[in-house]
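# Structural overview for review
Now for the letters of each chain:
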Amino acid sequence: MLGRGDPARYLAPLRASVERIFDISVCLRPFRPAGPRLDAERVGDALVVHNYGHGGSGWSLSWGSSTLAVAKAMEASPRTVAVIGSGPLGLTSALLAQAAGAQVTIYARELVPDTPSLRATGLFTPDSRIALADAASPGFPGLWEQMARTSFKRYNAMLGLAGEPVRWIDQYVVPRTGTGTGTAPATPAAAPASAEPLRFAHYGGRLHDLFPRDETLEPGSTPFGDRPVRREANLMFNLASYASTLIGQFRAAGGRTERREFHSPGELAQLPEKVVINCTGLGARALFGDETLVPVRGQIAWLIPQPEFDYGLYYRGVNVVPRSDGICVQALSGGDMRGYGEDSLIPDRAEAEEAVATLAELYAGFGRAREPA
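Everything in this summary refers to the structure shown in the same document. Keep in mind that this is a model prediction, so the values were computed, not measured.

This model, assessed by the stated rule, comprises 19 salt bridges. The shortest N-O distance in the salt bridge between Asp45 and Lys274 comes to 3.4 Å. Of the two residues, Asp45 is situated in the loop between strand E2 (40-43) and strand E3 (46-50) and Lys274 in the loop between helix H5 (265-269) and strand E10 (275-278); the sequence distance between them amounts to 229 residues. By relative accessible area, Asp45 is classed as partly exposed at 48%. Residue classification places Lys274 among the partly exposed positions, given a relative accessible area of 31%. Taking the shortest distance from any N to any O, the salt bridge between Glu353 and Arg349 comes out at 2.8 Å. With Glu353 and Arg349 both in helix H7 (residues 349-364) and four residues apart, this pair spans about one turn of that helix. Look at Arg349 and you get partly exposed, because its relative accessible area is 38%. One continuous salt-bridge network, built from bridges that share partners, spans Glu145, Arg149, Arg206 and Asp209.

Below, the structure written as structure tokens:
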């Protein structure tokens, strides 16, 4: 039984009502079966370093992946560098190139706060749809681990900053009934494993030393009643605050931004900067003809923020993340194949309301934990 002071005993209820949905957002994750593209090529007299195709792991792997990309970009010590795209890979590439001594301009069709990747959930899930197990190279798991550990270290260095761009949260996996502990996500807050035609790579076991051990909490010790709840810890990104922090740091260091859309690789060679880091995500399919890129649709229903609701939740295929800019509610049933190959950006109101209704069912029975003996 948990001690009297354990926060799991005093969790605040989620106000799970469809009336509290203030927005429904949709994003398209850029998935490549072989994993992200991190090579370089010559386009005219410009060196183009690619840094895209991270599936659902763009925010999580951004610092580690951009560290590799910037190292290639800076091999000839260029004075100026162009970054194409202002998502997580673009922002981190720009900051790291500045730190390496370059003057940097970000060129992008959308800039913060209009960047599509801000519609992501905001959890540290570094192997979420990162590659297919049978398509990744033999050396990719080790490279992935390097990127994940580099990013993890950088994120922890941002704890405590104004606006809480990064913080640790507890997450509770609640089973449907009073038996079992629910289906363990393959990575923190991911969907339960299911039979599917594609075998996605999962490397989370390589990072087991970075996270506290999961706990199974006894029935009655939480407000979820007679259910054996599992508790785990993970990093969460308040993406509105986090992206604002990054773009603010970039501009404070003298960085420039320019709204611009590119339609062919040759246009990159016309830029004044002769070293270019390509962070265009799914846009690289049209820009560079990368037909291996597959869109993976994801939708989030946004509930009005509740400052007292400060924990994550997974229940019956629905994931909840307590962001400061709104509570994310995302349906994940169907596993990694959910949304695979779908490119529609039209919100599905019925999906959003069904997910919130599932949570309303859970919280209808929410009560007080039993007092320890």
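The omega torsion of the bond from Val112 to Pro113 falls at 15 degrees, within 30 degrees of zero and hence cis. Here Pro113 lies in the loop between strand E5 (103-108) and helix H3 (140-156). At Ser77, a residue that is not glycine, the phi angle is positive and equals roughly 50 degrees. Among the secondary structure elements, Ser77 is positioned in the loop between helix H1 (58-73) and strand E4 (80-84). Phi is positive for Glu164, which is not a glycine, with a value near 45 degrees. Mapped onto the secondary structure, Glu164 falls in the loop between H3 and strand E6 (166-174).

A word on the pairing of strand E1 (residues 21-31). Most of E1 is tucked away, with eight of its eleven residues classed as buried. In terms of strand pairing, E1 meets strand E11 (residues 294-303) through ten bridges, oriented antiparallel. The residue bridging Ile24 from the neighbouring strand is Ala301, located in E11.

Quick look at the sheet that holds strand E14 (residues 326-331) now. What holds strands together in a sheet is hydrogen bonding between their backbones, with the strands either parallel or antiparallel. Spatial strand order, E1-E11-E14-E13-E12-E6-E8-E7: eight strands in an open sheet with mixed pairing. Looking at which strands have only one partner, the edges of the open sheet turn out to be E1 and strand E7 (215-217). Recorded for the sheet is a direction-independent mean angle of 30 degrees between the axes of neighbouring strands. Sheet topology places E6 next to strand E8 (residues 229-237); eight bridges connect them, and they run antiparallel. Among the inter-strand pairings, Val173 is bridged to a residue of E8, identified as Arg230. Running at roughly 80 degrees to E8, H3 makes contact with E6 and E8 of the sheet.

On to the environment of Arg20. Following the sequence through the fold, Arg20 ends up in the segment before E1. When the C-alpha positions of Arg20 and Arg79 are compared, they lie 50 Å apart, and in sequence the two are 59 residues distant. Once residues within four sequence positions are removed from consideration, Arg20 is found in contact with Arg15, Trp302, Leu303, Ile304, Pro305 and Gln306.

On to the packing of aromatic side chains. Counting across every chain of the model gives 21 aromatic pairs. Relative to Phe200, the ring of Phe31 lies with its centre 5.3 Å away and its plane at 55 degrees, an arrangement referred to as tilted. Of the two residues, Phe31 is situated in strand E1 and Phe200 in the loop between E6 and E7; the sequence distance between them amounts to 169 residues. For Phe200, a relative accessible area of 5% gives the class buried. Judged by centre distance (6.5 Å) and plane angle (75 degrees), the ring pair of Phe124 and Tyr155 falls under edge-to-face. With Phe124 in the loop between E5 and H3 and Tyr155 in helix H3, the pair connects residues that are 31 residues apart, well separated along the chain.

Procedures and definitions
- Residues numbered from 1 in each chain as written.
- Predicted model: local features only at pLDDT ≥ 70, side-chain atom pairs only at ≥ 80, totals over all residues.
- Heavy atoms only, no water.
- Salt bridge = Lys/Arg side-chain N within 4 Å of Asp/Glu carboxyl O.
- Helix = DSSP H or I, 4+ residues; strand = E, 2+ residues; numbered from the N terminus.
- Buried < 20%, exposed > 50% of the residue type's maximum accessible area, 1.4 Å probe, protein only.
- Pairing = 2+ DSSP bridges.
- Axes fitted to C-alpha atoms, helices over the stretch in contact; angles between N-to-C directions.
- Contact = heavy atoms within 4.5 Å.
- Phe/Tyr/Trp six-rings, centres within 6.5 Å; stacked < 30°, edge-to-face > 60°.

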